[in-house]
Amino acid sequence: MSMADATMLHALCQRYQAVLLENHPDCVTIATAGQAQDDLMEALRFVCHARIEVLSWSPGQIAAWRDKNDRIDPTPFDQENLATAARLERLLQLALQHRASDIHLEPQADGFRVRLRIDGVLQIASTLSLASGHALVARLKVLAALDIAERRFPQDGQFSQQHDTGQNLSFRLSTLPTQYGEKAVLRLQQHAEQTDSLNRLGMSAPLLLHFQQALNQPQGMILVTGPTGSGKTLTLYSALSWLNQPQRNICSVEDPIEIPLPGIIQTQVNHKIDLGFRQVLRALLRQDPDIIMLGEIRDAETAAIAVNAAQTGHLVLSTLHTNSTLETLVRLRQMGLPGYQLGPALKMVIAQRLVRRLCPYCRQTGERLDNLPATLWSGTLQNWLATGCDRCFSGFYGRLALFEVLPISQPLQAAIASDASQQQLQSLVAEQNLSRLFSEGLQAVNRGDTTLEELKRVTGSYYE
């Protein structure tokens, strides 16, 4: 019986009020209060590859056995649990030490690979034996209240754990069946103290002014766009904190709630009971809201409800998975939203990315570039090199945000309302002469905040 199987057996017994009497490779013996439930037997057959013996005891016998065995020396099984718990604690400490946002536990043919996502890039942290890896995944599933006997379907859960510093850390767990077993990804949730003001998001002064003007509107829709992990949620939370005043009713619907914000009504969707974004958003509109934050627009129906709310006296903030501000206008049209509704409702679109920030202690000047197109950069660009030192990871420490802000001007609003072509929209966007993502990134490169290679990695090259 492997360590992982022992962990699952122990959890199953706790769930079904049973006790594990013997755990041998050829026979597993448990005792239950009364007849063993069918669900328990099915789970045991799935977990165990040995003969199963089930004894029917009275509740008094179960309680007496527990009283007696709670006072004896730890069994090998208890020692296995302690070893797995210690291994998990060390892994969490390593992830926090390196500022990791995600921990990947990946089963391979001959062991488990452990990788940490540090400043947006996966780095190999260690390897584990198959038995240790499976035990670690099983323990995480127990902590997240997932079904440890179910390894055929993906599962998602959450749990909190007290850190040595006294800080209460929240984690989100996702499991996925793979060729060699279950892969687990553990994400460290952000906390309220990480919510910055708008002034510290990293927007340049002109872009920040446009953003604040849009937030001061009594109604309309503001969309923050970008791929997963580009900082959209933190931008929205910072905007909500800036708007948060006692005379306003601010509500949000999220999946999940990543940062609890005092004074704001936050609701988490629950797909297990069919409580999705659409259902919560409809309910929020009956809660007399002034401002609504919708975690993500995922389908046409949700988009239509959000646009309707933005037209009827509510300020709506949300996110969309698109790559640029112009692409957002096209994507909303593809969702079937009529232009005459979308045009008056949309007030601003923000596209953003996160690039790794150079370590200020070990960065070095690189070559100066003078061959960039004048439309992107005039003059010579100072590039930098990431070298690495004992203060950072691979020459980078933390990340900074790049923004592309598109206010919806009256000509652009009229074009959207009249279902203008993509070429017409592109011309109107160009006429506003706004800074693009890549241009903002070049400013950061020249300042020594990041490298041109890192900028290309995240945004792609706009001139090659």
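None of these values were measured; they are calculated from a predicted model. (Residues numbered from 1 in each chain as written. Predicted model: local features only at pLDDT ≥ 70, side-chain atom pairs only at ≥ 80, totals over all residues. Heavy atoms only, no water.)

Got a minute to help me understand the overall build of the chain in this structure?
Each helix and strand in the chain was counted, giving 15 helices and 18 strands. Taking the principal axes of the C-alpha coordinates as reference, the chain spans close to 80 × 55 × 40 Å. Partitioning the contacts of the chain with sequence separation of at least 6, the portion at a separation of at least 24 is 62%. Of the roughly 22,400 Å² of accessible surface on the chain, a fraction of 48% belongs to carbon and sulfur atoms. When the 41 basic and 45 acidic side-chain charges of the chain are each reduced to a single mean position, those positions are 3 Å apart. (Helix = DSSP H or I, 4+ residues; strand = E, 2+ residues; numbered from the N terminus. Contact = heavy atoms within 4.5 Å. Areas by Shrake-Rupley, 256 points an atom, 1.4 Å probe, with all protein chains shown as cover. Lys, Arg positive; Asp, Glu negative; His and termini not counted. Charge placed at Lys NZ, Arg CZ, Asp CG, Glu CD.)

Just to check I follow, could you spell out helix H9 (residues 300–311) for this structure?
The periodicity of an α-helix, 3.6 residues per turn, causes residues three or four places apart in sequence to face the same way. An ideal rise of 1.5 Å per residue puts 16 Å on twelve residues; H9 measures up with 17 Å between its terminal C-alpha atoms. Every buried residue of H9 is listed here: Thr 302, Ala 303, Ile 305, Ala 306, Val 307, Ala 309 and Ala 310. Where the residues of H9 are buried, they touch strand E10 (220–225), helix H8 (277–284), strand E13 (291–294), strand E14 (315–320) and helix H11 (339–345). Its side-chain oxygen placed 3.2 Å from the backbone nitrogen of Glu 301, Asp 299 serves as the N-cap of H9. (Expected span 1.5 Å × (residues − 1). Buried < 20%, exposed > 50% of the residue type's maximum accessible area, 1.4 Å probe, protein only. Polar contact = N/O pair within 3.5 Å; in protein donor to acceptor, adjacent residues only side chain to side chain.)

How should the packing of aromatic side chains be read in this particular structure?
The geometry of an aromatic ring pair comes down to the distance between the two centres and the angle between the two planes. One pass over the structure, following the stated rule, counts one aromatic pair. Relative to Phe 171, the ring of Phe 159 lies with its centre 5.2 Å away and its plane at 25°, an arrangement referred to as stacked. In this pair, Phe 159 sits in strand E7 (residues 155–162) while Phe 171 sits in strand E8 (residues 168–178), placing the two residues twelve residues apart along the sequence. By the burial criterion, Phe 159 is buried, and Phe 171 matches it. Geometry around Tyr 397 places Arg 99 over its ring, the cationic atom sitting 4.0 Å from the centre. The cationic tip of Arg 391 hangs over the ring face of Tyr 361; the distance from NZ or CZ to the ring centre is 4.1 Å. (Phe/Tyr/Trp six-rings, centres within 6.5 Å; stacked < 30°, edge-to-face > 60°. Lys NZ or Arg CZ within 6 Å of the ring centre and 35° of its normal.)

Can you walk me through the sheet that holds strand E3 (residues 51–57) in this structure?
Sheet strands line up and pair through hydrogen bonds in the backbone, either parallel or antiparallel. The strand order across the open sheet formed by three strands is E1-E2-E3, and the pairing between neighbours is mixed. Because the sheet does not close on itself, it has two edges, and the strands there are strand E1 (18–23) and E3. This sheet shows a mean twist of 20° between the axes of neighbouring strands, independent of strand direction. Direction of pairing for strand E2 (residues 27–33) relative to E3: parallel, over a ladder of seven bridges. Note that in E3 the partner of Ala 33 across the bridge is Trp 57. (Pairing = 2+ DSSP bridges. Axes fitted to C-alpha atoms, helices over the stretch in contact; angles between N-to-C directions.)

Is there a simple way to explain helix H6 (residues 205–215) in this structure?
Restricting attention to buried positions, one finds in H6 the residues Leu 207, Leu 208, Phe 211, Gln 212, Ala 214 and Leu 215. Projected onto a plane normal to the axis of H6, the buried residues spread over an arc of 160° and lie on a single side. Opposite the packed face of H6, turned more than 90 degrees from it, sit the exposed residues Ala 205 and Pro 206. On its buried face, H6 sits against E10, helix H7 (232–243), E14, strand E15 (346–358), strand E18 (396–407) and helix H14 (437–447). (Arc of directions from axis to C-beta.)

Would you mind showing me how to read the pairing of E8 here?
Within a regular beta strand, the side chains point alternately toward one face of the sheet and then the other, so they alternate between its two faces. The pairing of E7 with E8 spans eight bridges and is antiparallel. Note that in E8 the partner of Gln 161 across the bridge is Leu 169. Hairpin geometry of E8 and strand E9 (residues 181–188) is characterised by an intervening segment of two residues between the two adjacent antiparallel strands.

Looking at this structure, I do not really get the nonpolar core. What am I missing?
Nonpolar side chains in soluble globular proteins generally cluster together in the buried interior. Judged by nonpolar contacts, the single largest core of 38 residues is most densely connected at Met 221, Ile 297, Leu 329, Leu 332, Leu 346, Leu 412 and Leu 425. Of all the elements, H9 adds the most residues to this core, at six residues. If you look at the next biggest cluster of nonpolar residues, it comprises 29 residues, including Ile 250, Leu 315, Met 348 and Phe 403. (Core = buried A, V, L, I, M, F, W, Y, C linked by side-chain atoms within 4.5 Å.)

Is there a simple way to explain the environment of Thr 84 in this structure?
In this structure, Thr 84 sits in helix H4 (residues 76–97). Take Thr 84: its relative accessible area is 0%, and that puts it in the buried class. Sequence spacing of Thr 84 and Asn 371 is 287 residues, and the spatial spacing of their C-alpha atoms is 56 Å.

I would appreciate a short explanation of empty space enclosed by the protein in the present structure.
It is the rolling of a water-molecule-sized probe over the atoms that shows where space remains empty. Applying the stated rule across the entire model yields three cavities of 30 Å³ or more. The computed volume of the largest cavity comes to approximately 60 Å³. Contributing to the lining of the largest cavity are Leu 92, Ala 95, Leu 96, Ala 100, Ser 101, Asp 102, Ile 103, Phe 171, Leu 186, Arg 187 and Leu 188. It is strand E4 (residues 100–107) that contributes the most residues to the lining of the largest cavity, four residues altogether. (1 Å grid on protein atoms, 1.4 Å probe; cavity = no way out; pocket = protein on both sides within 12 Å on 5 of 7 lines; lining within 4 Å. Points joined across faces, edges and corners; volume = space filled by probe spheres on them.)

For this particular structure, what's the right way to read the sheet that holds E15?
Strand order in the open sheet made by the seven strands is E12-E11-E13-E14-E10-E15-E18, with mixed pairing throughout. The open sheet terminates on both sides in strands that have one partner only, identified here as strand E12 (265–268) and E18. Neighbouring strand axes in the sheet, compared pairwise and without regard to direction, differ in orientation by 20° on average. As paired strands, strand E11 (residues 250–254) and E12 are joined by four bridges and run parallel to one another.

Could you clarify how one ought to interpret the pattern of salt bridges in this entry?
As a working rule, side chains carrying opposite charge can pair if their charged atoms are close by. Taken as a whole and judged by the stated rule, the model has 17 salt bridges. For Asp 119, the salt bridge identified is with Arg 99, shortest N-O distance 2.6 Å. Of this pair, Asp 119 sits in the loop between strand E5 (112–118) and strand E6 (121–128) while Arg 99 is found in the loop between H4 and E4, placing the two residues 20 residues apart along the sequence. Judged by relative accessible area, Asp 119 falls into the buried class, the value being 8%. Look at Arg 99 and you get partly exposed, because its relative accessible area is 26%. The partner of Arg 278 in a salt bridge is Glu 301, with the nearest N and O atoms 3.1 Å apart. With Arg 278 in helix H8 and Glu 301 in helix H9, this residue pair connects regions lying 23 residues apart in the sequence. (Salt bridge = Lys/Arg side-chain N within 4 Å of Asp/Glu carboxyl O.)

None of the figures reported here should be taken as evidence of function without further support.
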